[in-house]
Amino acid sequence: MNIKTLIIGFIPLKNIEGKKPREIRNDKYFKELISRFDIGEIHFAEYDNFKGSIDKIDPFFVIVFDEMTAREVRDHKKDIFIYVIDHPNTIFCRKAEVEKKQAKQTKTFEEIAGLVKKIRDDGEDGRKAARKFAGMSYDDMYNTLVQAIIGDREDLRKKAWELLTQKDGHSNFVWMRVQMICEVWTHGDGKKKEEFLCMAMDQHIENGMARKMENFIDADGQEFHQYMFLFFDGSDSNYIRRIPFGREVQDKYEYEAILQKYETPNGPQLMLEAGQIEAKRAEYLGGTETNA
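Residues numbered from 1 in each chain as written. Predicted model: local features only at pLDDT ≥ 70, side-chain atom pairs only at ≥ 80, totals over all residues. Heavy atoms only, no water.

(A) Quick peek at the overall build of the chain. Within the chain, the regular secondary structure consists of 10 helices and 8 strands. Scored against the burial criterion, the 292 residues of the chain give a buried share of 44%. In the chain, the share of contacts with a sequence separation of at least 24, taken over all contacts with a separation of at least 6, comes to 60%. In the form shown here, the chain has an accessible surface area of approximately 15,900 Å², with 52% of it arising from carbon and sulfur atoms. (Helix = DSSP H or I, 4+ residues; strand = E, 2+ residues; numbered from the N terminus. Buried < 20%, exposed > 50% of the residue type's maximum accessible area, 1.4 Å probe, protein only. Contact = heavy atoms within 4.5 Å. Areas by Shrake-Rupley, 256 points an atom, 1.4 Å probe, with all protein chains shown as cover.)

Okay, structure coming up:
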């Protein structure tokens, strides 16, 4: 069974003459990464002609380097799996993050290789099922995730949140984030809102923009999670954020009143903030790239 993967926005170098050392390094890294995994028959396309490439080769998997392109791919063809990963040119921007970024890309390619193997092993029925899953409508997929999040199985709930919040991975779920975030925040009790805010702060920690501190208890006996925000270079900014502990069935307005008292952003605001700061940090790191 011929399963095809299209990579948009990266064209392997055929001639290194006149190329800068970092260009050669980035090209070598990505080609070696790809060669480690069986992700089917691999094709490459530039941004300006990827739609024609999709029509011509009919891929099962598409790999892109930004969410805008992912959305254009999704609008053009529904029944494919789309993955958004870091561009090879950004992997070596900051030495301290090279291993982490490479590990994420390895995980993504392992997932694709696993799906390729499963589709092959399942034969024609598996091929049809994979196309059907990849082509699920927004409402169908959204409702599936909602049921996972509100259900009793913690493993499904965790997986659903990972799909909605992770930066890398197939982007079928990217467009549902804002809707899901707003609905969960609006209807959650105090405990759910606490978990939501801590999850958003975990994104800051993962992005290298915050660290967890010891809990804090105010004069009224209210306990808080504490986080120290960091500058882009990793040093403390001396700006501390406190997330109040919540209770099961605690009235949502009671919990939100505590947030307002300490000028803590609500869930959707904090999620937006995490994304904006990550983008600014990436821009900063891009401007300080070394040729090492």
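Resuming the write-up.
(B) Spatial organisation of the packing of helix 8 (residues 190-206) against helix 9 (residues 252-261). It is at 8 Å that the axes of helix 8 and helix 9 come closest, and there the two elements cross at 40°. It follows that helix 8 is oblique to helix 9 by the angle criterion. Residues Gly-190, Lys-193, Glu-194 and Leu-197 of helix 8 form the contact with helix 9, whose own contacting residues are Lys-252, Tyr-255, Glu-256 and Leu-259. (Axes fitted to C-alpha atoms, helices over the stretch in contact; angles between N-to-C directions. Parallel < 35°, antiparallel > 145°, perpendicular 65-115°, else oblique.)

(C) Local environment of the pairing of strand 3 (residues 61-64). Here strand 3 shows a buried face lined by Phe-61 and Ile-63 and a second buried face lined by Val-62 and Val-64. Alignment of strand 1 (residues 4-8) against strand 3, held across 3 bridges, turns out to be parallel. Pairing of Ile-7 across the sheet is with Ile-63, part of strand 3. One ladder, built from 4 bridges, connects strand 3 with strand 4 (residues 81-84); its direction is parallel. Considered in strand 4, the bridge of Phe-61 is made with Phe-81. Handedness of the strand 3-helix 3 (residues 67-76)-strand 4 crossover: right-handed. (Pairing = 2+ DSSP bridges. Right-handed = clockwise from strand over helix to strand, strands pointing away.)

(D) How the structure looks around the packing of helix 1 (residues 21-35) against helix 4 (residues 98-134). Between helix 1 and helix 4, the shortest axis-to-axis distance is 10 Å and the interhelical angle comes to 35°. Where helix 1 crosses over helix 4, the two elements pack in a sense that is right-handed. Facing helix 1, whose interface residues are Tyr-29, Phe-30, Leu-33 and Ile-34, helix 4 presents Gln-102, Gln-105, Thr-106 and Phe-109. Here the residues of the contact of helix 1 with helix 4 sort into 5 nonpolar, 3 polar and no charged. (Left-handed = near helix turned anticlockwise from the far one by under 90°. Nonpolar A, V, L, I, M, F, W, Y, C, P; charged D, E, K, R; others polar.)

(E) Region of interest: helix 3. Here helix 3 has its buried residues at Thr-69, Ala-70, Val-73 and Arg-74. Seen end-on, helix 3 carries its buried residues on one side only, within an arc spanning 140°. Seen from the open side of helix 3, the exposed residues pointing more than 90 degrees away from its buried face are Met-68 and Asp-75. Residues of helix 3 that are buried sit in contact with strand 1, helix 2 (50-57), strand 3, strand 4 and helix 4. N-capping of helix 3 is provided by Asp-66, with a side-chain oxygen placed 3.2 Å from the backbone N of Met-68. (Arc of directions from axis to C-beta. Polar contact = N/O pair within 3.5 Å; in protein donor to acceptor, adjacent residues only side chain to side chain.)

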